[in-house]
Amino acid sequence: ITALIDSDPYIQAVRASHIALGIPDDYVQRCALPLCHEPAALVSTELDYYQRPQQLTPAALSAWHSMKQAAAGDDVEIFLISAFRSVQYQQDLIAAKLEKGKSLEQILAVNAAPGFSEHHTGRALDLGTSGCAALVEEFENTPAFQWLKINAERYDFRLSYPRGNVFGIDYEPWHWCFQGSSEA
């Protein structure tokens, strides 16, 4: 982060968040995750699985609705667990895990540091399905995951963190990110 431009307010917020959490200065070099900027425009989605309001970019929302509808047409249920997260939300999420006694190393294996989460872009989705607990590796054994592996690319979604990914993030079969243009 220290190598990034000091005058950018977003970078300043990310840097302050890292300092507050004790994230080492070499995090950026070690993880290889790209900086993820928050979008200029977000729109409300349906409520998530926990009945919380969520937001996505307009293009990601349109693609999500199309993908969800196509899955339903194939008798496959997929639903939203999480979408947009601000830098502050990501900081609070990590801080809460630290307070519960998890180490920063453990946390950063499953949550990107503030500023580096795809959720900041408004294009990332954590997905679930009935009969499977939320955000667990066992999601890969569901018809929903099998459907996503075959069909998600048609809607410009990709699995962000497959096994052995270059970012060092644990395997997350539930995390998919829209790759289409934000202007689409």
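The structure this text deals with has already been given above.
Every chain's residues receive numbers from 1 upward, in the order its sequence appears when written. The predicted nature of this model means local features are confined to residues of pLDDT at least 70 and side-chain atom pairs, given and counted, to a pLDDT of 80 or more, with totals for whole chains, interfaces and linings taken over all residues. Hydrogen atoms and water are omitted, and side-chain values are computed over all heavy atoms in the structure.

1. Some thoughts on the overall build of the protein
Elements are defined by DSSP. Helices are runs of H or I of four residues or more, strands are runs of E of two residues or more, and each kind is numbered from the N terminus. Assigned secondary structure in the protein consists of 6 helices and 6 strands. Taken over C-alpha atoms, the radius of gyration is set against a globule rule of 2.2 Å times the number of residues to the power 0.38. Whereas a compact globule of 184 residues would reach a radius of gyration of roughly 16 Å, the protein reaches 16 Å, a difference of no more than 12%. Its C-alpha atoms give the protein principal-axis dimensions of about 50 × 35 × 30 Å. For every residue, the accessible area (1.4 Å probe, protein chains only) is compared with the maximum for its type, and the residue is labelled buried under 20%, exposed over 50%, or partly exposed between those bounds. Residues classed as buried in the protein amount to 46% of the 184 residues present.

2. So, the side chain of Ser17
Relative to the assigned elements, Ser17 resides in helix H1 (residues 9-21). The class for Ser17 is buried, based on a relative accessible area of 1%. Working rule for contacts: check all heavy atoms of both residues, and any pair within 4.5 Å makes them a contact. Among all residues touching Ser17, those that are not within four sequence positions of it are Val87, Gln91 and Pro114.

3. Focus: the nonpolar core
Counting 27 residues, the largest nonpolar core has Trp64, Met67, Leu125, Leu148 and Phe157 as its most contacted members. Those elements giving two or more residues to this core turn out to be helix H3 (58-73), strand E4 (124-128), helix H6 (143-151) and strand E6 (175-178). Of the residues forming this core, the biggest block, 7 residues, is contributed by H3. With near-sequence residues (within four places) excluded, Phe157 lies in contact with Ala60, Ala63, Trp64, Met67, Arg123, Leu125, Ala152, Trp176, Cys177 and Phe178. For our purposes a nonpolar core is just a set of buried Ala, Val, Leu, Ile, Met, Phe, Trp, Tyr and Cys residues, chained together by side-chain atoms within 4.5 Å.

4. Side note on the packing of H1 against helix H4 (residues 87-99)
For any two helices packed against each other, the geometry comes down to the angle between their axes and how far apart the axes lie. Between N-to-C directions, angles cover 0 to 180 degrees, with each direction set by a line fitted to C-alpha atoms, over the stretch in contact for helices. At their nearest, the axes of H1 and H4 sit 10 Å apart, and the two run at 5 degrees to each other. When the axis of H1 is compared with that of H4, the two are roughly parallel. Contacts from Tyr10, Ala13, Val14, Ser17, Ala20 and Leu21 of H1 reach H4 at Val87, Gln91, Ile94, Ala95 and Leu98. Every angle not falling under 35 degrees, over 145, or within 65 to 115 is termed oblique; those three ranges are roughly parallel, roughly antiparallel and roughly perpendicular.

5. What about the pattern of salt bridges?
Side-chain pairs of opposite charge can arise where the charged atoms are in close proximity. Here a salt bridge means any side-chain nitrogen of Lys or Arg lying within 4 Å of a carboxyl oxygen belonging to Asp or Glu. Applying the stated criterion across every chain, the model contains 7 salt bridges. Across the pair Glu140 and Arg163 runs a salt bridge, and its minimum N-O distance is 3.0 Å. Taken together, the residues span a long stretch of sequence, with Glu140 in the loop between E4 and H6 and Arg163 in the loop between strand E5 (157-159) and E6 at a distance of 23 residues.

6. Structural notes on the environment of Tyr161
Mapped onto the elements, Tyr161 comes out in the loop between E5 and E6. Residues Tyr161 and Cys177 lie 16 residues apart in sequence; the distance between their C-alpha atoms is 9.9 Å. Setting aside chain neighbours within four positions, we find Tyr161 in contact with Leu33, Glu118, Phe167, Ile169, Asp170, Tyr171, Glu172 and His175.

7. Some thoughts on the pairing of E6
Of the two faces of E6, the one lined by His175 and Cys177 and the one lined by Trp176 and Phe178 are each fully buried. Pairing between two strands requires that DSSP report at least two bridges joining them. With 3 bridges joining them, E4 and E6 adopt antiparallel strand pairing. The partner of Ala124 across the bridge, within E6, is Cys177. Taken together, the 3 bridges between E5 and E6 define a ladder with antiparallel strand orientation. Each residue of the ladder has a partner; that of Phe157, found in E6, is Phe178.

8. Notes on H3
With 16 residues, H3 extends 23 Å from end C-alpha to end C-alpha; this agrees with the ideal 22 Å at 1.5 Å per step. Listed as buried for H3 are Ala59, Ala60, Leu61, Ala63, Trp64, Met67 and Ala71. Asp75 sits one or two positions beyond H3 and adopts a positive phi of about 60 degrees. Given the number of residues in a helix, its expected span is that number minus one, multiplied by 1.5 Å.

9. Some words on the side chain of His175
Along the chain, His175 falls in strand E6. Looking at His175, the relative accessible area reads 2%, which means it is buried. Within 3.5 Å is the distance limit for a polar contact, defined as a pair of N or O atoms, with the added protein rule that one can donate a hydrogen and the other accept it, and that residues adjacent in sequence qualify only through two side-chain atoms. Within the structure, the side chain of His175 is placed 2.8 Å from the side chain of Glu118, a separation counted as a polar contact. Residues within four places of His175 in sequence aside, it is in contact with Glu118, His119, Ala124, Leu125, Asp126, Arg158, Leu159, Ser160 and Tyr161.

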